[in-house]
Amino acid sequence: MSTAAGTRYSLVVKGGTLVIPGVGLIHANVGISGGKIVALGDDLAGRADDIFDASGKTVIPGIFDPHTHIGNERSFDEEAETETRAAVLGGVTTIGIFLRSLEESYMLHLPAFRRAMDELSYVDSVFHPQIFTEEQIAEIPLYAKAFGIRSFKFYMSGMPGIVKSITDDVLLNGFRTVAGLGPDTIACVHCETGVLIDQARKELQKKREGTLADWEFAHPADAEALAIQTALYLAKIAGAHLYVVHLSSRQGLEVVRNARRQGMRFTVETTTPYLGIASDDPNGFLVKMVPPVRTKDHHDALWQGVLEGSINTIGTDNTSRARATKKPEAGLHGARPGLPALGTHLPALLHYGRLRGIPLELLVDRATRGPAKVYGIYPQKGTIAVGSDADLAIVDLDLERVVRAEDLHGMSDFSPFEGKTLRGWPVATIKAGQIVARDGKIVGKQTGRYLPREARADAPDLEWLRRAV
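Residues numbered from 1 in each chain as written. Predicted model: local features only at pLDDT ≥ 70, side-chain atom pairs only at ≥ 80, totals over all residues. Heavy atoms only, no water.

1. Some remarks on the environment of Met156
Turning to step 1, where the next piece is worked out: Its place among the elements puts Met156 in the loop between strand S11 (151–155) and helix H4 (168–179).
Turning to step 2, where the next piece is worked out: C-alpha of Met156 to C-alpha of Val195: the two residues are 39 residues apart in sequence and 9.7 Å apart in space.
Turning to step 3, where the next piece is worked out: Contacts of Met156, omitting those with residues within four sequence positions, involve Ser165, Ile166, Asp168, Leu171, Val189, His190, Cys191, Glu192, Gly194, Ala227, Thr230 and Ala231. (Helix = DSSP H or I, 4+ residues; strand = E, 2+ residues; numbered from the N terminus. Contact = heavy atoms within 4.5 Å.)

2. Comments concerning the nonpolar core
Turning to step 1, where the next piece is worked out: Ranked by size, the top nonpolar core spans 105 residues in total, and within it Leu110, Phe127, Phe154, Phe175 and Leu242 carry the most contacts.
Turning to step 2, where the next piece is worked out: The biggest single contributor to this core is helix H7 (residues 221–238), with eight residues.
Turning to step 3, where the next piece is worked out: For Leu110, the contacting residues outside a window of four places in its chain are Leu99, Phe127, Tyr143, Phe147 and Ile149.
Turning to step 4, where the next piece is worked out: Counting residues in each nonpolar core, the second largest holds 21 residues, with Ile32, Ile384, Ile394 and Val427 among its members. (Core = buried A, V, L, I, M, F, W, Y, C linked by side-chain atoms within 4.5 Å. Buried < 20%, exposed > 50% of the residue type's maximum accessible area, 1.4 Å probe, protein only.)

3. Points about the sheet that holds strand S17 (residues 392–402)
Turning to step 1, where the next piece is worked out: One open sheet holds the seven strands; their spatial order is S3-S2-S7-S17-S18-S19-S20, and the pairing between them is mixed. Two strands close off the open sheet at either side, each with one partner strand: strand S3 (24–27) and strand S20 (441–442).
Turning to step 2, where the next piece is worked out: Where S17 meets strand S18 (residues 421–431), eight bridges bridge the pair, whose relative direction is antiparallel. Looking at S18, one finds that Ile394 is bridged to Ala428.
Turning to step 3, where the next piece is worked out: This element, helix H13 (residues 345–355), spans strand S7 (58–61), S17 and S18 of the sheet and lies at about 135° to S18.
Turning to step 4, where the next piece is worked out: Sheet strands in contact with helix H14 (residues 360–367) are strand S2 (17–20), S3, S7 and S17, and its direction is about 55° off that of S2. (Pairing = 2+ DSSP bridges. Axes fitted to C-alpha atoms, helices over the stretch in contact; angles between N-to-C directions.)

4. With respect to a negative patch on the surface
Turning to step 1, where the next piece is worked out: A contiguous patch of negative charge, built from Glu134, Glu135, Asp168 and Asp169, is present on the exposed surface.
Turning to step 2, where the next piece is worked out: When residues of the negative patch are traced back to their parent elements, those giving at least two are helix H3 (134–147) and H4.
Turning to step 3, where the next piece is worked out: Along the chain, Asp168 falls in helix H4.
Turning to step 4, where the next piece is worked out: Relative accessible area serves as the criterion here: at 41%, Asp168 is assigned to the partly exposed category. (Patch = residues over 30% accessible without salt bridge, like charges linked within 9 Å, V, L, I, M, F, W, Y side chains within 5 Å. Areas by Shrake-Rupley, 256 points an atom, 1.4 Å probe, with all protein chains shown as cover. Salt bridge = Lys/Arg side-chain N within 4 Å of Asp/Glu carboxyl O. Lys, Arg positive; Asp, Glu negative; His and termini not counted. Charge placed at Lys NZ, Arg CZ, Asp CG, Glu CD.)

5. What to know about the layout of surface pockets
Turning to step 1, where the next piece is worked out: Looking at the largest pocket, its volume works out to about 390 Å³.
Turning to step 2, where the next piece is worked out: Contributing to the lining of the largest pocket are 26 residues, with His69, Asn72, Arg100, Ile162 and Thr319 lying nearest its centre.
Turning to step 3, where the next piece is worked out: Where the lining of the largest pocket is concerned, the elements lending two or more residues are strand S8 (63–69), strand S9 (92–99) and S11. (1 Å grid on protein atoms, 1.4 Å probe; cavity = no way out; pocket = protein on both sides within 12 Å on 5 of 7 lines; lining within 4 Å. Points joined across faces, edges and corners; volume = space filled by probe spheres on them.)

6. Details of the packing of helix H1 (residues 76–89) against helix H2 (residues 110–119)
Turning to step 1, where the next piece is worked out: Across the interface, H1 lies against H2 with an axial gap of 9 Å and an inter-helix angle of 35°. In the crossing of H1 with H2, the sense of the turn from one axis to the other is right-handed. Contact with H1, carried on its side by Phe76, Asp77, Ala80 and Thr84, involves Phe113, Ala116 and Met117 of H2 and no other residues of that element.
Turning to step 2, where the next piece is worked out: A per-class count over the contact of H1 with H2 returns five nonpolar, one polar and one charged. (Left-handed = near helix turned anticlockwise from the far one by under 90°. Nonpolar A, V, L, I, M, F, W, Y, C, P; charged D, E, K, R; others polar.)

7. Some points on the sheet that holds strand S16 (residues 318–319)
Turning to step 1, where the next piece is worked out: If you trace the four strands from one edge of the open sheet to the other, you get S10-S9-S8-S16, paired in parallel fashion. Each edge of the open sheet is held by one strand with a lone partner, namely strand S10 (124–129) and S16.
Turning to step 2, where the next piece is worked out: Two strands pair when backbone bridges link them, and S8 and S16 are joined in this way by two bridges, in the parallel orientation. The partner of His69 across the bridge, within S16, is Thr319.
Turning to step 3, where the next piece is worked out: Across the sheet, H1 touches S8 and S9, and the angle it forms with S9 is around 145°.
Turning to step 4, where the next piece is worked out: Strands S9 and S10 of the sheet are contacted by H2, whose axis makes an angle of about 160° with S10.

The following block contains the structure:
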């Protein structure tokens, strides 16, 4: 325990059980001043300007969702406010944003993106530009130097009318450029084999109508597994740190396991929709996404991957939409992919994870310390420690709520978990030392900031995440 004698605290969180990744569950008060955690210990409340009584509650680090999309439906500025509002109400205090510019230089857009996150956001953020052209690859060192960006995304298979695929030669060039910035940089990849997806979609077009379960045939799991193998090989050639985004299948997980057994170092993410929603979901095409939600046997595999350490981080792939543009009534071919998942990320993780018997500390690890280490912002984020940012989620592990979109306060008028009862919700969120959300309502101001990342001489240490595979 650490205390600062004589310190006056702006806020003390008292009486809760702290979940500290890598340490465990402890009973202690948290002393906060200047937006930082400055003390952990007993008898801090007597020197506090304000006290939050967390008795009977669980206190965890603010969640870091490493995989979100902002500005795909409405303007970037508008979603920077609405979607981060939903995030902070749900206990998320930091997000990684996959920025999109299909052709133009990101230098034309990064100043505005950063300004929006500094002025309008309720949460802190890091940026992962999506790379589509050789010109953008050539500018990667500039993005790193000018904006402190250390992670970049590539699509091995695109989505018609949304993003385009890149070829393996372009991917290899991108990997080499990213690796050239240093061992701490990350190459994020949407792993699906484009030609297999194209053929599968063509075959599915012969079927005029169908169900959500049919959508899985448009993105077969074998296409994900093959793409992971290809990406691993190219990353090895280039010496790049590969980060597999949104793993969705047991076939993909088996490739991951085999590579781990061979000693390959890389990072794998899955998302709460893939852990909690199956292809027979009654919400139908409201939960259409890419890759698709799959049958329950994939849930079994992915949760085992989380438990054993084959899967290192858990995000959402949040892409907020309204029903009017999601168009679930347009069916198999007309409904659009993309789900709002920020507001339900933590409750879904707690609910489905504990049903599976996953230890609470491990669930918190995968959603806080794991992504914070990978993306170079630990221990500023991802832990409860003296010197870390005072970003905390106060959770009632027994609180049950039926998910309704209007209660989540994002821009979307539906949720992929709509109508489901989830157990384990945040009752307050502290961001930068201020109580920003309480009992489902915003009670504080936006304190979000963009976080430029400095180059480090070492690669992210993920050995602590892994058990024997």
